[in-house]
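What follows is the residue order along each chain.
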Amino acid sequence: MSKAHAETEDRRRHRRRAVPVRQVWVTTGAGTRAGQDELMERVVERANMLQAWSRGKSNQGCAGPDGESIAELAGRLRTDWPRIRQQLLEGRYRPQPVLRVDIPKPNGGTRQLGIPTVLDRLIQQALLQVLGPLYEPRFSASSFGFRPGRSAHQAVQQAQRYIDSGQRWVVDIDLESFFDRVNHDILMSRLTRRIEDKRVLGLIRRYLQAGVLCDGVVSARSEGTPQGGPLSPLLSNVLLDELDKELEARGHCFVRYADDCNVYVRSRRSGQRVLASLERFLNERLRLRLLKWRQWKHPRTRLRRLIRRGLAADLAARGAYNGRGPWFNSGASHMNRAFPSVYFERLGLISLFQTVRSCSW
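As the structure is a computational prediction, the values presented were derived from the model and not from experiment. (Residues numbered from 1 in each chain as written. Predicted model: local features only at pLDDT ≥ 70, side-chain atom pairs only at ≥ 80, totals over all residues. Heavy atoms only, no water.)

### Examining the overall build of the protein
Part 1 of the reasoning: Of regular secondary structure, the protein possesses 18 helices and 7 strands.
Part 2 of the reasoning: For the protein, the residues scored as buried account for 42% of the 361 residues in total.
Part 3 of the reasoning: As displayed, the protein offers around 20400 Å² of accessible surface, 51% of which is attributable to carbon and sulfur atoms. (Helix = DSSP H or I, 4+ residues; strand = E, 2+ residues; numbered from the N terminus. Buried < 20%, exposed > 50% of the residue type's maximum accessible area, 1.4 Å probe, protein only. Areas by Shrake-Rupley, 256 points an atom, 1.4 Å probe, with all protein chains shown as cover.)

### Considering the pattern of salt bridges
Part 1 of the reasoning: All told, the structure shown has 12 salt bridges when counted by the stated rule.
Part 2 of the reasoning: Here Arg76 makes a salt bridge to Asp80, at a shortest N to O gap of 3.5 Å. Separated by 4 residues within a single helix, Arg76 and Asp80 lie in helix H4 (residues 70-89), roughly one turn from each other.
Part 3 of the reasoning: Relative accessible area serves as the criterion here: at 26%, Arg76 is assigned to the partly exposed category.
Part 4 of the reasoning: A salt bridge links Glu136 to Arg147; the nearest nitrogen and oxygen atoms lie 3.0 Å apart. Residue Glu136 is found in the loop between helix H5 (118-135) and helix H6 (152-164), and its partner Arg147 is found in the loop between H5 and H6; the two are separated by 11 residues along the sequence. (Salt bridge = Lys/Arg side-chain N within 4 Å of Asp/Glu carboxyl O.)

### Quick look at the packing of aromatic side chains
Part 1 of the reasoning: Scanning the model with the defined rule gives 4 aromatic pairs in all.
Part 2 of the reasoning: Where Phe146 meets Tyr257, the ring centres are 6.0 Å apart and the plane angle is 50°; that geometry is what we call tilted. On the criterion of sequence distance, the pair formed by Phe146 in the loop between H5 and H6 and Tyr257 in strand E6 (residues 253-257) is long-range, its members being 111 residues apart.
Part 3 of the reasoning: Given the relative accessible area of 41%, Phe146 is considered partly exposed. (Phe/Tyr/Trp six-rings, centres within 6.5 Å; stacked < 30°, edge-to-face > 60°.)

### Considering the nonpolar core
Part 1 of the reasoning: In this structure, Leu88, Leu131, Leu191, Ile195 and Ile204 are the most contacted members of the largest nonpolar core, which totals 42 residues.
Part 2 of the reasoning: Listed by contribution, the elements that provide at least two residues to this core are helix H2 (39-44), helix H3 (46-59), H4, H5, helix H8 (184-191), helix H9 (198-209) and helix H10 (232-249).
Part 3 of the reasoning: A per-element tally of this core places H5 first, with 10 residues.
Part 4 of the reasoning: With sequence-adjacent residues up to four places away left out, Ile204 is seen in contact with Leu131, Met188, Leu191, Ile195, Leu231 and Leu235. (Core = buried A, V, L, I, M, F, W, Y, C linked by side-chain atoms within 4.5 Å. Contact = heavy atoms within 4.5 Å.)

### Some points on the sheet that holds strand E2 (residues 110-115)
Part 1 of the reasoning: Within the open sheet, the 4 strands sit side by side as E2-E1-E4-E5. Their pairing is mixed. In the strand order of this sheet, the two ends are held by E2 and strand E5 (217-219), each with one partner. For this sheet, the mean inter-axis angle between neighbouring strands, taken without regard to orientation, is 40°.
Part 2 of the reasoning: As paired strands, strand E1 (residues 98-104) and strand E4 (residues 212-214) are joined by 2 bridges and run parallel to one another. Bridged to Leu99 within E4 is Leu213. (Pairing = 2+ DSSP bridges. Axes fitted to C-alpha atoms, helices over the stretch in contact; angles between N-to-C directions.)

### Comments concerning a positive patch on the surface
Part 1 of the reasoning: Side chains of Arg300, Arg304, Arg305 and Arg308 sit close together on the surface and give a patch of like positive charge.
Part 2 of the reasoning: Structurally, Arg300 is set in helix H13 (residues 299-308).
Part 3 of the reasoning: Under the relative-accessibility criterion, Arg300 is labelled exposed at 61%. (Patch = residues over 30% accessible without salt bridge, like charges linked within 9 Å, V, L, I, M, F, W, Y side chains within 5 Å. Lys, Arg positive; Asp, Glu negative; His and termini not counted. Charge placed at Lys NZ, Arg CZ, Asp CG, Glu CD.)

### Thoughts on the sheet that holds strand E3 (residues 169-174)
Part 1 of the reasoning: The 3 strands lie next to each other as E3-E7-E6, forming an open sheet whose pairing is antiparallel. Each edge of the sheet is formed by a strand with only one pairing partner; in this case those strands are E3 and E6. Averaged over all neighbouring strand pairs, the angle between strand axes comes to 15°, with direction disregarded.
Part 2 of the reasoning: Where E6 lies against strand E7 (residues 260-265), 5 bridges are found, and the strand directions are antiparallel. Note on E7: the bridge partner recorded for Cys253 is Tyr264.
Part 3 of the reasoning: Where H10 meets the sheet, its contacts fall on E6 and E7, and the angle it forms with E6 comes to roughly 170°.

### Focus on the confidence of the model for the protein
Part 1 of the reasoning: Averaged over every residue, the pLDDT of the protein is 80; the share at 70 or more is 80%.
Part 2 of the reasoning: Under a pLDDT of 50 for its full length, residues 1-34 has, in the predicted model, 28 contacts with residues more than four places off or in other chains. (pLDDT = per-residue confidence, 0-100.)

### With respect to the environment of Asp244
Part 1 of the reasoning: With respect to the element layout, Asp244 can be found in helix H10.
Part 2 of the reasoning: Asp244 sits 102 residues away from Ser142 along the chain, and the two C-alpha atoms are 7.7 Å apart.
Part 3 of the reasoning: Those residues in contact with Asp244 that sit more than four places away from it in its chain are Ser140, Ser143, Phe254 and Arg256.
Part 4 of the reasoning: Separated by 2.9 Å, the side chains of Asp244 and Arg256 make a polar contact. (Polar contact = N/O pair within 3.5 Å; in protein donor to acceptor, adjacent residues only side chain to side chain.)

### Looking at the packing of H3 against H4
Part 1 of the reasoning: As a packed pair, H3 and H4 sit with axes 12 Å apart at the nearest point and diverge in direction by 165°. Judged by the inter-axis angle, H3 sits roughly antiparallel to H4. H3 and H4 meet at a crossing whose hand is right-handed. Listed contacts from H4 to Met49, Trp53, Gly56 and Lys57 of H3 are Ile70, Leu73, Ala74, Leu77 and Trp81. (Parallel < 35°, antiparallel > 145°, perpendicular 65-115°, else oblique. Left-handed = near helix turned anticlockwise from the far one by under 90°.)

So, in structure tokens, the structure goes:
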């Protein structure tokens, strides 16, 4: 065999042994779902974890409920990280409870923080770095809280511009105890609109449901997203983005910073109309289709009822056995086909959504 031919064969063998190039995930202005099946792989990849570690180390946060410091975690990860990484990739990782800490508010009272372990803060930061680009381009320009490149100072400047333009009446919205009352099903239904990787969704759900350690006792948590972890600000913005989009659709001038929101109008009368409509919009998170879904407790019952409502057997089966939560299914296509708006209108029920949409703000 000639030397040139031998080199050619070597190149062919190298090509056969080469690992195929993995799909590259790119963030565009409108967001993307590309590479969603590999979202967890992106979370635990070395560069992302090193960036998360650098951020956590610079913050120098206090120890969580296990008392482990950042320095102690560094030593443990040298041997434990391969095991932890595998648990994350296989969807088996279980977060630890958070440590409850009460801090005083400037205007009186206390704010409850939930401090995760330093390991869980590291993982949450890695999640944030991957999920943030999926959501940031879609958030409202009038939202300033807990977002990169945005600040309370910018929110004040925007408010001043509205006031200078003649919109001197303000509807001040303070969502009382918002972080403590977040409905997990509603939040998860919002997340599934952008996230397909079930391992990531499962991990976020477990972080939401991780217990709270207070006075040596761990209490279960069925609602709320405690402040104190890197991921909670993003989750709150995901949920409150629905309010932002509603205000934008109505053409209102507003500024939102976390759970504080101001709507700027030109007269007292306009402000009163806005306030009344906003209260209805925020207080009524309830859907008639949700009640129907919850009444059908078992997948077999849901299958029979969906078919009875006129759905094809294959579509009914996909809906009945999808394993998603009630809030997701209440807005899914199978329930909208089974129970269109006209069904409830014939029963004499009023559509809250249409009522709010028709209000003069």
